[in-house]
Amino acid sequence: MAKGGGGGGMLLPLSVEAGKGNGGGGAGDDAALFKGSAMTRRGAVAALSYMSCSVLLVMFNKAALSSYNFPCANVITLLQMVCSTALLYVLRRLKIISFTNSEPSVPSDALFFVPFRILLRTTPLSLAYLLYMLASMESVRGVNVPMYTTLRRTTVVFTMIMEYFLAKQKHTPPIIGSVALIVFGAFIAGARDLSFDPRGYAIVFVANITTAVYLATINRIGKSSGLNSFGLMWCNGLVCGPLVLFLTYIQGDLKKAIEFPNLHSPGFQAVLLFSCMLAFLLNYTIFWNTILNSALTQSMCGNLKDFFTVGIGWVLFGGLPFDLLNVIGQGLGFLGSGLYAYCKIKGK
């Protein structure tokens, strides 16, 4: 648990500077899983926390959109963003959390809680998130599920490319091999369903690029802005919230949500509540994992959690049309993710 730069112990790990380097401080907390490891205990906890929150959020979002047939996914996104920003405001106002590693000279009653120049500096991150979100939603509409899953798994390749161009980060042959195994497994899994659709392919690859840019931007801006994970989430909400609100308004989603027949159902409201809570934790763990480990690690965790999402979905809902090629492809993807995790833990 990181010790914040102010009075009072932090309940959540906040440290941005505890990246991949050997920087000073927190020797006990940052002890490696194995001697010479490239992933610390906090890095492993961040990765596992992200995967847990992501799988649970998928289940609650599925319940809202499928079980209750809620027609407005954008409204759920807006509610999650509003709840996250409001919770951050209350926690910061009560001085339970900090938005920066070393608290700057910003009054506690300031409007933004962070210097305006830092808010402007994180704008590219917020815009990258908005593009990533919009492209991902559109990509789901335009292609069938097997094709979508197959093409989205190639995000790890785009992430490696973006890390190289933005941060000049190079990867070892075992890491590159594990990524290649995941991509190969993805295409094997969806081989029977890959009917060529130029528009569908284009939109999904745009979503992959925006995802890679978003993760690489988190890694770059997070380590140079002086903001911790909460601070990055706060700036994201301030910039993206009004834009998402405007989008849902002009598309008529707000009106549809108000007229939704199950809006006052206790069960539906409970699902929305848990969805918003998990979205807050998921956004935090995305920042935490990406900053503490790397953008590629975050992308690989996304592939790894897909395996558990599919498994839990099969147990809870059944009926997944897996054939032999699909099973083999999923297994290769899981093997590639496991190989990557092993390489990171062993520091190779």
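Residues numbered from 1 in each chain as written. Predicted model: local features only at pLDDT ≥ 70, side-chain atom pairs only at ≥ 80, totals over all residues. Heavy atoms only, no water.

An unreviewed UniProt entry lists the protein under the name Sugar phosphate transporter domain-containing protein, with Zizania palustris as the source organism. Comment text from UniProt for the protein, heading Subcellular location (unreviewed entry), reads "Membrane". (UniProt positions renumbered as here; feature names shortened; annotations may be inferred.)

Colleague: Any chance you could break down the overall build of the protein for me, citing the residues and the numbers?
Modeller: A count of helices and strands for the protein gives 13 helices and 0 strands. In the protein, which comprises 348 residues, the proportion classed as buried is 47%. Looking at the protein alone, contacts between residues at least 24 apart form 81% of all its contacts between residues at least 6 apart. Approximately 16800 Å² of the protein is accessible, and the part contributed by carbon and sulfur atoms is 69%. (Helix = DSSP H or I, 4+ residues; strand = E, 2+ residues; numbered from the N terminus. Buried < 20%, exposed > 50% of the residue type's maximum accessible area, 1.4 Å probe, protein only. Contact = heavy atoms within 4.5 Å. Areas by Shrake-Rupley, 256 points an atom, 1.4 Å probe, with all protein chains shown as cover.)

Colleague: A description of the packing of helix α2 (residues 73-93) against helix α9 (residues 229-250) should follow, citing residues and the corresponding values.
Modeller: It is the contact of α2 with α9, at a shortest axis distance of 9 Å, that shows an interaxial angle of 140°. Of the two possible hands of crossing, α2 and α9 adopt the one that is left-handed. The segment α2 lies against α9, with N74, V75, L78, M81, S84, T85, L88 and Y89 engaging F230, M233, W234, G237, C240, G241, V244, L245, L247 and T248. Taken together, the residues that form the contact of α2 with α9 break down as 12 nonpolar, 6 polar and no charged. (Axes fitted to C-alpha atoms, helices over the stretch in contact; angles between N-to-C directions. Left-handed = near helix turned anticlockwise from the far one by under 90°. Nonpolar A, V, L, I, M, F, W, Y, C, P; charged D, E, K, R; others polar.)

Colleague: Describe the packing of aromatic side chains, and please don't skip the residues or the numbers.
Modeller: By convention here, two paired aromatic rings are described through the distance between centres and the angle between planes. Inspection of the entire model under this criterion finds 17 aromatic pairs. Between F158 and F205, the ring centres sit 5.9 Å apart and the planes meet at 50°, which makes this aromatic pair tilted. With a gap of 47 residues between them, F158 in helix α6 (residues 155-167) and F205 in helix α8 (residues 198-224) connect regions that are remote in the sequence. By relative accessible area, F158 is classed as partly exposed at 22%. By relative accessible area, F205 is classed as partly exposed at 26%. Between F260 and F268, the ring centres sit 5.1 Å apart and the planes meet at 50°, which makes this aromatic pair tilted. (Phe/Tyr/Trp six-rings, centres within 6.5 Å; stacked < 30°, edge-to-face > 60°.)

Colleague: Any details on the pattern of salt bridges? Residues and values, ideally.
Modeller: All chains considered together, the criterion is met by 1 salt bridge. Where K255 meets E259, a salt bridge forms, and the shortest distance between an N and an O atom there is 2.7 Å. As far as burial versus exposure is concerned, K255 and E259 are alike and both exposed. (Salt bridge = Lys/Arg side-chain N within 4 Å of Asp/Glu carboxyl O.)

Colleague: Talk me through the side chain of S54; I want residue IDs and the actual numbers.
Modeller: The topology assignment puts S54 in helix α1 (residues 41-67). The contacts of S54, once residues within four sequence positions are left out, are L282 and K305.

Colleague: Account for unusual backbone geometry, with residues named and values stated.
Modeller: If you check the backbone angles, N69 has positive phi at about 55° while not being a glycine. Tracing the backbone through its elements, the reader meets N69 in the loop between α1 and α2. A residue is classified by how much of its surface remains accessible, and N69, at 56% relative accessible area, is exposed. Of note in the backbone geometry, K95 takes a positive phi value of approximately 60° without being a glycine. Among the secondary structure elements, K95 is positioned in the loop between α2 and α3 (116-121). The exposed category is assigned to K95, whose relative accessible area is 56%.

Colleague: Pulling in residues and values, what's your account of the nonpolar core?
Modeller: Of all hydrophobic cores here, the largest spans 44 residues; its most connected members are L88, F99, Y214, I218 and F230. Every element with two or more residues in this core is listed here: α1, α2, α3, α4 (123-142), α8, α9 and α11 (266-292). Per-element accounting of this core gives the leading share, 10 residues, to α11. Leaving out residues up to four positions away in the same chain, Y214 has contacts with L125, A128, Y129, Y132, N236 and F287. (Core = buried A, V, L, I, M, F, W, Y, C linked by side-chain atoms within 4.5 Å.)

Colleague: So what about the environment of F230? Which residues, and what values?
Modeller: Structurally, F230 is set in helix α9. The class of F230 is buried, set by a relative accessible area of 1%. Note: C-alpha distance between F230 and W288 (58 residues apart in sequence) is 9.1 Å.

Colleague: Please give an account of the packing of α9 against α11 that cites residues and values.
Modeller: At a minimum axis distance of 9 Å, the contact between α9 and α11 shows a crossing angle of 125°. One way to sum up the angle between α9 and α11 is to call them oblique. For the crossing formed where α9 meets α11, the hand is right-handed. When α9 is examined against α11, the residues S229, F230, L232, M233 and N236 are found in contact with a partner set consisting of F280, N283, Y284, F287, W288 and I291. Among the residues making up the contact of α9 with α11, the classes are represented as 8 nonpolar, 3 polar and no charged. (Parallel < 35°, antiparallel > 145°, perpendicular 65-115°, else oblique.)

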